[in-house]
Amino acid sequence: MSEDPDGIAALGLLHDEYAREIFVAASREAMSAKELAEACSFSLPTVYRRVDDLVEAGLVVENNELDPSGNHYTSYEAAVEHIDIDVRDGELDVTITQQSDAVDRFTRAWEDIRRGDE
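Residues numbered from 1 in each chain as written. Predicted model: local features only at pLDDT ≥ 70, side-chain atom pairs only at ≥ 80, totals over all residues. Heavy atoms only, no water.

A word on the overall build of the protein
Here is the rule we go by: Strands here mean DSSP runs of E at least two residues long; helices mean DSSP runs of H or I at least four residues long; both are numbered from the N terminus. Relative accessible area decides the class of each residue, using a 1.4 Å probe on protein chains only: under 20% of the type maximum gives buried, over 50% gives exposed, and in between gives partly exposed. Any two residues having at least one pair of non-hydrogen atoms within 4.5 Å are treated as being in contact.
Within the protein, the regular secondary structure consists of five helices and five strands. Ordered by position from the N terminus, the helices and strands of the protein form the series α-α-β-α-α-β-β-β-β-α. Residue burial in the protein is summarised as follows: out of 118 residues, 30% are buried. If you take every contact in the protein between residues at least 6 apart in sequence, the share linking residues at least 24 apart comes to 47%.

Considerations on the pattern of salt bridges
Basically, it comes down to this: Salt bridges are counted wherever a side-chain nitrogen of Lys or Arg sits within 4 Å of a carboxyl oxygen of Asp or Glu.
Under the definition given, this model contains two salt bridges. With a shortest N-O distance of 3.0 Å, Arg50 and Asp16 are connected by a salt bridge. Within this pair, whereas Arg50 is found in helix α4 (residues 44-56), its partner Asp16 is found in the loop between α1 (5-14) and α2 (17-28), the two being separated by 34 residues in sequence. Residues Asp86 and Arg88 are paired through a salt bridge, measuring 3.7 Å at the closest nitrogen-oxygen approach.

Thoughts on the side chain of Ser75
For clarity, the cut-off: Think of a polar contact as two N or O atoms within 3.5 Å of one another; within protein, one of them needs to be a possible hydrogen donor and the other a possible acceptor, and neighboring residues in sequence only count if both atoms come from side chains.
The residue Ser75 is located in strand β3 (residues 72-78) in this model. The exposure class of Ser75 is buried, given its relative accessible area of 3%. Here the side chain of Ser75 touches Glu65 through a polar contact of 3.0 Å, side chain to side chain. Residues contacting Ser75, with those up to four places away along its chain left out, are Ala30, Met31, Ser32, Val61, Glu62, Asn63 and Glu65.

With respect to the confidence of the model for the protein
Put simply, the rule is: The predictor attaches a confidence to each residue, called pLDDT, with possible values from 0 through 100.
In the predicted model, the protein carries a mean pLDDT of 83, and 83% of its residues have values of at least 70. Confidence, read as mean pLDDT per element, is least for helix α5 (residues 102-117) in the protein (65) and greatest for helix α3 (residues 33-40) (97). Every residue in residues 1-5 scores below 50 in pLDDT, and together they form eight contacts with partners more than four places removed in sequence or on other chains.

Focus: the environment of Ile113
Structurally, Ile113 can be placed in helix α5. The exposure class assigned to Ile113 is partly exposed, which follows from its relative accessible area of 36%. Spatially, the C-alpha atoms of Ile113 and Glu65 are 9.4 Å apart, while their sequence positions differ by 48 residues.

Focus on α4
Since the α-helix packs 3.6 residues into each turn, any two residues three or four apart lie on the same face. How we decide: To estimate how far a helix should reach, multiply one less than its number of residues by 1.5 Å. The arc in question is the one traced by the directions running from the helix axis out to the C-beta atoms.
Between the first and last C-alpha of α4 there are 18 Å, a value that for 13 residues agrees with the 18 Å anticipated at 1.5 Å per step. What α4 keeps buried is the set Thr46, Val47, Arg50, Val51 and Leu54. Buried residues in α4, looked at end-on, bunch into an arc of 120°, giving them a common side. One or two positions beyond α4, positive phi appears at Gly58, with a value near 80°.

Dropping the structure here:
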């Protein structure tokens, strides 16, 4: 079988009901881990474990945010626009289409980090 290991790994990750629900919540809007825990009714440690896996798989991106009091926190946002699964002639192909503005979000996060160092 000709399989994309990253796509297959992401597909396997979404089989987990906790990761899947967190991913769907993060696709609606960027949320902190606490907000994701509340939205999904999961414990905070469960959210952090699954978010780490989703970030590693490239399905979710981390954004560093600055609240009005000057504190930094991390929000999480889905980085995927579309997932295609094709099965043809005994081969499985998973294609993940990243959101077109994922690069822009990364650039903004990097700039926020750099501003914090100044």
